[in-house]
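Each chain, letter by letter, is given below.
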Amino acid sequence: MNNVLELKNIIKNYPDGQQVNEVLKDISFHVQSGEFAAIVGPSGAGKSTLLTIMGALLSPSSGQVLLNNEDISHLSKKQQTSIRLNNIGFIFQNSDLIPYLKISEQLQFIQKISSKPAIDAKEILVKLGLEQRLSSYPRVLSGGEKQRVAIARALVNQPELILADEPTASLDSKRGREVVQIIQQTVHEENKAAVMVTHDERVLDLVDSVWQIEDGKLKKVR
Ligand SMILES: Nc1ncnc2c1ncn2[C@@H]1O[C@H](COP(=O)(O)OP(=O)(O)O)[C@@H](O)[C@H]1O
Ligand SMILES: [Mg+2]
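Anyway, here's the lowdown on the structure attached to this text. (Residues numbered from 1 in each chain as written. Chains lettered and ligands numbered in written order. Predicted model: local features only at pLDDT ≥ 70, side-chain atom pairs only at ≥ 80, totals over all residues. Heavy atoms only, no water.)

1. Remarks on the sheet that holds strand S10 (residues 217-220)
- Reading across from one edge, S6-S7-S8-S3-S9-S10 is the order of the six strands in this open sheet, with mixed pairing throughout. At either margin of the open sheet sits one strand with a lone partner, and together these are strand S6 (88-91) and S10. In this sheet, neighbouring strand axes are inclined to one another by 20° on average, regardless of whether the strands run parallel or antiparallel.
- Strand direction decides the pairing type here: strand S3 (residues 36-40) and strand S8 (residues 193-198), joined by five bridges, are parallel. Following the sheet pairing, alanine 37 is matched in S8 by valine 195.
- In this fold helix H2 (residues 77-87) packs onto S6 and strand S7 (161-165), with an angle of close to 80° to the strand it touches most, S6. (Pairing = 2+ DSSP bridges. Helix = DSSP H or I, 4+ residues; strand = E, 2+ residues; numbered from the N terminus. Axes fitted to C-alpha atoms, helices over the stretch in contact; angles between N-to-C directions. Contact = heavy atoms within 4.5 Å.)

This is the structure we're talking about:
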């Protein structure tokens, strides 16, 4: 099967005073459709940097980021924005919902700016168990509910790739597990590719492959 996302020899340097901090050291990675991959590693290892490069939010210092075999790492900012809107769904550590929009409205604004055909946003919210919350504002939702809205929002543009940065970090272990189970189900039922960065080893039984990052180097461990 074809890789939805492939990284080849990614290096990322950040300037650090007179020196450079080499955060990612020659990283290669791949994930296919229908595959849920996890990247684990300690704080500061470079997980978020790697995920933002995967999502065309940040350009690597060198190396290639192939989305459906097309190198997206050296596209213009405008082209990268279009790819993020149409091909990638992001789930962050804190759901980052818009405080003044009702749950039913949180997804519409993505649909407005994305060029994908509109799908029934309410249907996704109901499927994720949020039907009682459609006319609520984010502040009254529990952490787990907010993260489910964030998953729904990541799915509304029907992306082939889902990227999640520590989606369980603000949740207790039961709610965290539920969130990861929802991502797992979506990946398998809808044949999407997903990459989840986490330091929570207890959810790793739910993923199909595991990669470990340490000192800026990535290796496949399962
Ligand atoms: N924008 C930035 N500028 C400079 N250094 C950064 C920046 N973002 C992250 N770093 C550094 O890169 C390293 C990896 O950070 P990060 O990718 O956030 O790791 P993780 O998500 O695994 O905790 C850290 O040493 C961090 O200080
Ligand atoms: Mg991080």
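2. Describing the sheet that holds strand S1 (residues 3-16)
- Ordered in space as S2-S1-S4-S5, the four strands form an open sheet in which the pairing is antiparallel. The sheet terminates laterally at strand S2 (19-32) and strand S5 (70-71), the two strands that pair on one side only.
- In the sheet, strand S4 (residues 62-67) pairs with S5 via two bridges, with the strands oriented antiparallel. Pairing of leucine 66 across the sheet is with aspartate 71, part of S5.
- Its contacts with the sheet place helix H1 (residues 47-54) against S1, S2 and S4, and it is angled at close to 125° to S1.

3. A closer look at the side chain of aspartate 200
- Following the sequence through the fold, aspartate 200 ends up in the loop between S8 and strand S9 (209-214).
- Taking relative accessible area as the criterion, aspartate 200 reaches 13% and is therefore assigned buried.
- Only 3.1 Å separates the side chain of aspartate 200 from the side chain of arginine 202, close enough to count as a polar contact. (Buried < 20%, exposed > 50% of the residue type's maximum accessible area, 1.4 Å probe, protein only. Polar contact = N/O pair within 3.5 Å; in protein donor to acceptor, adjacent residues only side chain to side chain.)

4. Considering the pattern of salt bridges
- By the definition in use, this model includes eight salt bridges.
- Residues glutamate 189 and lysine 127 are paired through a salt bridge, measuring 3.2 Å at the closest nitrogen-oxygen approach. Taken together, the positions of glutamate 189 in helix H7 (residues 173-190) and lysine 127 in helix H5 (residues 121-127) put the pair 62 residues apart, joining distant regions of the chain.
- According to the relative accessible area criterion, lysine 127 is exposed, its value standing at 55%.
- Among the salt bridges present, the one from lysine 192 reaches glutamate 190, with a minimum N-O distance of 4.0 Å.
- Residue classification places lysine 192 among the buried positions, given a relative accessible area of 8%.
- What you see here is one network of salt bridges that share partners, running through Lys127, Glu189, Glu190 and Lys192. (Salt bridge = Lys/Arg side-chain N within 4 Å of Asp/Glu carboxyl O.)

5. Quick notes on the nonpolar core
- Counting 37 residues, the largest nonpolar core has Phe36, Ile91, Ile151, Ile183 and Met196 as the members making the most contacts within it.
- Of all the elements, helix H6 (residues 143-155) adds the most residues to this core, at six residues.
- Residues in contact with methionine 196, not counting those within four places in the same chain, are Phe36, Ala37, Ala38, Ile39, Ala164, Pro167, Val180, Val203 and Val207.
- Core analysis: the second largest hydrophobic core is formed by 31 residues, Ile39, Met54, Ile72 and Ala193 among them. (Core = buried A, V, L, I, M, F, W, Y, C linked by side-chain atoms within 4.5 Å.)

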